[in-house]
Amino acid sequence: MSGNDTLEKIVGSGNVLDSRDILEEYSSDLSFVPRRRPRCVVRPGTADEVKGIVKWANETMTPLVPMSSGRPHFRGDTVPAMGGSVIVDFSRMKKIIRIDPRNWVAMVEPGVTFAELQPELEKAGLSTYTPLCPRGTKSVAASMLEREPITMPAHHWDALDPFLCAEIIFGTGDKLRSGEAAGPDSIEDQWKMGKAQMVPFGLGQFDESRLVSGAQGTIGIITWATMKCRPCSTLTRTFLIPSETIEPLVDLSYRLIRVRLGETCFIVNDLNLASLLAQSPGEIRDLRATLPPWVLVVTFEGYGVLPEEKVAYQVADFRDMLKQADNLKTIHTVGGFSDEDVSNLLTEPSAEPYWKLRYKGGFSDVFFLTTLNKAPAFIGTMSTLAQSRRFPAEDIGVYVQPIVQGTSCHLEFDLFFDPTDSTPTERARSVTTEGVYDLANMGAFFSRPYGAWANIAYSRAAETNILQRKVKKIFDPNNVLNPGRLCF
């Protein structure tokens, strides 16, 4: 029996795809990772089917590449790194298993996207913690596993937030529920006892979720995950604070987060803000010309009892704080868009086209962890770095997102280019794959090392490299899960 015949017995004949056109679609993404066609695409519908696929992969030594988000993809982690790979596409696993409004927890399968989950949560009076305007096809579970930063640093207590528990199929084919979900009893029995799979720590000192977080599918595959949610706001006040330089906004962010004042808090430059607000390249250029170089976005939200009073006292405290800042004031409109328009952007996934594709049609981003006070120096270095490779610095968007109570920040540079023009495309590739060594030498921490960044990250962490290989040997001894990624 051929491999495809065996897979068809596991998932059904209509869920193993191997036509030339389909395989061509899965052979690349919008990153600079080399194109490689997979052997076939398999679409499981249940955890048992996933388990069967992994066991088959071990028997046949076939590489598996998990994929849970819809297209487009941007980071190369869903493009096979090895020949003969099978794409495991979770687009059939779209169940929103449970929404628990009492404990503010949702349980979803990996194929559930932000565009699908948010409307269902709203019916229960809840909302997701989201990254900055994710694309509508982005898997909620994948976003959490990739540790994409949420926009509310005061609610961000741990690097894995809002990820809680999960059901994991390791590379051995063994299934394990993490955290509180580990047991005893079935998930349904736990629900009857009032548990909500909301405590991520379980099985003694073993924190299984950290094994799969940021692992790009190289250690295990999750078949459901629980996540923290928050109540829908009944009242939101949004403030825009412009500045000619970023330093005053960094200082104000520190002060806000230190006392956990406000909900949303992030900084963007004029290009990224214009890309978020406008729809076409011409509109983005025109809008950008009217925007301040830097804008800090802060929201104050009320929910539960006395929402008006909560927002009122926080806004009053914020205004007092702002009086002590040099030359900073709030504005209600930017380029004809109101603060309410900006606020509305933060509650929904990005409209089509995805906001990072609107300006030039293509982009490549560089992101890493640092501290807020170091962000200005990195911004200056990136401008110099781009100019040294003849990439126009004016085509770089900047996004600064404080995380984990402001103890650190996600610093992101978005290099926008026309993918049909080989010259800027190659210059962007040079900056994002080779030039980032300069950022690493300054202390940039690539905690999510996609593609060429893995060499940077692991060459500076020999002990981590050794430890992760030992972990891989335990949980995926035959190296069937996304081989060729990270240090594997």
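Bear in mind that the values here come from a model prediction, so they are computed numbers and not experimental data.

**Q** Would you take a moment to explain the overall build of the protein chain for this structure?
**A** The secondary structure content of the protein chain amounts to 16 helices and 18 strands. Viewed in the frame of its principal axes, the protein chain has a C-alpha envelope of about 70 × 60 × 40 Å. Out of the 488 residues belonging to the protein chain, those deemed buried represent 58%. Put simply, the protein chain shows about 19,800 Å² of open surface, and 52% of that area lies on carbon and sulfur atoms. In the protein chain, 52 positive and 59 negative side-chain charges are present, and the distance between their average locations comes to 4 Å.

**Q** Sorry if this is basic, but what is going on with the domain arrangement of the protein chain here?
**A** One frequently used descriptor of interface size is the decrease in accessible area upon assembly of the parts. What the domain assignment reports for the protein chain is domain 1 (3-89), domain 2 (96-231) and domain 3 (235-442). Tallying the contact residues gives 17 residues for domain 1 and 20 residues for domain 2. Between the two partners, domain 1 and domain 2, sit 2 salt bridges. In this structure, Glu 146 engages Arg 75 in a salt bridge whose closest nitrogen and oxygen atoms are separated by 3.1 Å. Summed over the shared surface of domain 1 and domain 2, the result is 8 residue pairs in polar contact (both at pLDDT 80 or more). The element best represented in the side of domain 1 that touches domain 2 is helix H3 (residues 47-60), accounting for 7 residues. Considering only residue class, the side of domain 1 that touches domain 2 consists of 6 nonpolar, 5 polar and 6 charged.

**Q** So what exactly am I meant to see when it comes to the environment of Arg 210 here?
**A** Mapped onto the secondary structure, Arg 210 falls in helix H7 (residues 209-212). For Arg 210, a relative accessible area of 39% gives the class partly exposed. Along the backbone, Arg 210 and Pro 134 are 76 residues apart, and their C-alpha atoms lie at a distance of 23 Å. Those residues within four positions of Arg 210 in sequence are excluded, and the remaining contacts are Asp 158 and Leu 160. Reaching out from Arg 210, the side chain makes a polar contact with the side chain of Asp 158 at a distance of 2.8 Å.

**Q** Could you clarify how one ought to interpret the environment of Arg 20 in this entry?
**A** As for its position among the elements, Arg 20 is in helix H2 (residues 20-25). C-alpha of Arg 20 to C-alpha of Asn 272: the two residues are 252 residues apart in sequence and 38 Å apart in space.

Rules behind the numbers
- Residues numbered from 1 in each chain as written.
- Predicted model: local features only at pLDDT ≥ 70, side-chain atom pairs only at ≥ 80, totals over all residues.
- Heavy atoms only, no water.
- Helix = DSSP H or I, 4+ residues; strand = E, 2+ residues; numbered from the N terminus.
- Buried < 20%, exposed > 50% of the residue type's maximum accessible area, 1.4 Å probe, protein only.
- Areas by Shrake-Rupley, 256 points an atom, 1.4 Å probe, with all protein chains shown as cover.
- Lys, Arg positive; Asp, Glu negative; His and termini not counted.
- Charge placed at Lys NZ, Arg CZ, Asp CG, Glu CD.
- Domains from an automatic or database assignment.
- Contact = heavy atoms within 4.5 Å.
- Salt bridge = Lys/Arg side-chain N within 4 Å of Asp/Glu carboxyl O.
- Polar contact = N/O pair within 3.5 Å; in protein donor to acceptor, adjacent residues only side chain to side chain.
- Nonpolar A, V, L, I, M, F, W, Y, C, P; charged D, E, K, R; others polar.

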